[in-house]
Amino acid sequence: MNRATQLADIQSRIAAACSKAGRPDSAVKLLAVSKTFPLSDILEFHSCGQTSFGENYLQEALDKITQLADPPNAQTTGTHIDWHFIGPIQSNKTKPIAENFSWVHSVDRLKIAQRLSEQRPANLPPLNVLVQINTSGEDSKSGVNPDQAIDLCMAIQGMKNLALRGLMTIPSNTDNTDQLKIEFLKCKSVFDALNVQGLKLDTLSMGMSADLELAIECGSSCVRVGSALFGARDYSK
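What you are looking at is a predicted structure, and each value in this text was computed from that prediction instead of being measured.

Participant: Hey, could you run me through the environment of G49 in this one?
Facilitator: Turning to its location among the elements, G49 is positioned in the loop between α2 (39-47) and β2 (52-55). Separated by 70 residues in the primary sequence, G49 and Q119 have C-alpha atoms spaced 31 Å apart.

Structure follows, in structure tokens:
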């Protein structure tokens, strides 16, 4: 299956889920999760119209960003790619993230937000950020507890070099759709509560390859799709 067909298949799934939920197709954006795959694969999808790509591993992402600016890819540098960082953030990694990405989906601590704001270059627009919510309650998962999210979001709202856009969650690793729905709706309820307080958030990043339909039903406006686009990952490389 070629890249155009793979992309069209995912877009069809998104459109069908939006229709079922009574939402317009434009209500949900696709973020292609390109971790472990080479820049050549990203450029193939980009040539089909996909412009937003998510990366989990900082050094791998920086290598791709650097490659994009070097020959033999020099002819592509005029074509815009929105790079989204979606992995856990260590304090010592905030500077290159602030310097190289358009979006960050995984802010879960005030210290991280402060560093990203302080280290965002003055010549770049504010960094779009999402606060990651731990809706499953698992200790192994990153994310702020839902009852602490409002305070963190309010603090970020006042940082001049960040643009708070919304929330992100990674639910439990389960096939139990009832449990997934509970966790998605928990994130949506925090999102709604923040908007009631006047934050005017517009992005709710929920859902991946296996559960994007359920996430859209629960209000997601951004689905993060990797394996359904790129194929199975080989983590041994």
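Participant: Just checking my understanding: could you explain the layout of surface pockets for this structure?
Facilitator: Vacant regions in the atomic arrangement are exposed by a probe of water-molecule size rolled over the atoms. Roughly 710 Å³ of volume is contained in the largest pocket. Lining of the largest pocket is provided by 29 residues; of these, I170, P171, M208, S209 and R224 occupy positions nearest its centre. Looking at the second largest pocket, its volume works out to about 230 Å³. Residue lining of the second largest pocket: Q11, I14, A15, D25, V28, K29, L30, G49, Q50, T51, S52 and D82, and that is the complete set. Secondary structure elements with two or more residues in the lining of the second largest pocket: α1 (3-20) and β1 (29-33). Element by element, the count of residues in the lining of the second largest pocket is highest for α1, at three residues.

Participant: What is the right way to read the packing of aromatic side chains from this model?
Facilitator: The description of two aromatic rings rests on the distance between their centres and on the angle between their planes. In total, this model carries three aromatic pairs according to the counting rule given. Where F45 meets F230, the ring centres are 4.9 Å apart and the plane angle is 65 degrees; that geometry is what we call edge-to-face. In this pair, F45 sits in helix α2 while F230 sits in helix α9 (residues 227-230), placing the two residues 185 residues apart along the sequence. The class of F45 is buried, set by a relative accessible area of 0%. Taking the relative accessible area as the measure of exposure, F230 reaches 6% and is therefore buried. Pairing F85 with F101 gives two aromatic rings, centres 5.5 Å apart and planes at 75 degrees, and the pair type is edge-to-face. Within this pair, whereas F85 is found in strand β3 (residues 82-85), its partner F101 is found in the loop between α4 (94-100) and β4 (103-107), the two being separated by 16 residues in sequence. Classification of F85 by relative accessible area gives buried; the value is 2%.

Participant: I would appreciate a short explanation of α2 in the present structure.
Facilitator: Residues three or four positions apart in an α-helix share a direction because the helix packs 3.6 residues into each turn. Every buried residue belonging to α2 is among L39, D41, I42, F45 and H46, and all of these are buried. Here the buried residues of α2 occupy an arc of 160 degrees about the axis, which is enough to place them on one side. Taken together, the buried residues of α2 touch α1, β2, α3 (58-68), β3 and α9. Where α2 terminates, the next one or two residues include G49, which has phi positive at roughly 110 degrees.

Participant: What's the story with unusual backbone geometry in this structure? I'm lost.
Facilitator: The phi angle of most residues is negative, glycine excepted, and most peptide bonds adopt the trans form. The phi dihedral of T36 is positive, around 70 degrees, even though this residue is not glycine. Locating T36 in the fold gives a position in the loop between β1 and α2. Phi is positive for K200, which is not a glycine, with a value near 60 degrees. Examined against the element boundaries, K200 turns out to sit in the loop between α7 (177-196) and β7 (203-205).

The rules we used
Residues numbered from 1 in each chain as written. Predicted model: local features only at pLDDT ≥ 70, side-chain atom pairs only at ≥ 80, totals over all residues. Heavy atoms only, no water. Helix = DSSP H or I, 4+ residues; strand = E, 2+ residues; numbered from the N terminus. 1 Å grid on protein atoms, 1.4 Å probe; cavity = no way out; pocket = protein on both sides within 12 Å on 5 of 7 lines; lining within 4 Å. Points joined across faces, edges and corners; volume = space filled by probe spheres on them. Phe/Tyr/Trp six-rings, centres within 6.5 Å; stacked < 30°, edge-to-face > 60°. Buried < 20%, exposed > 50% of the residue type's maximum accessible area, 1.4 Å probe, protein only. Arc of directions from axis to C-beta. Contact = heavy atoms within 4.5 Å.

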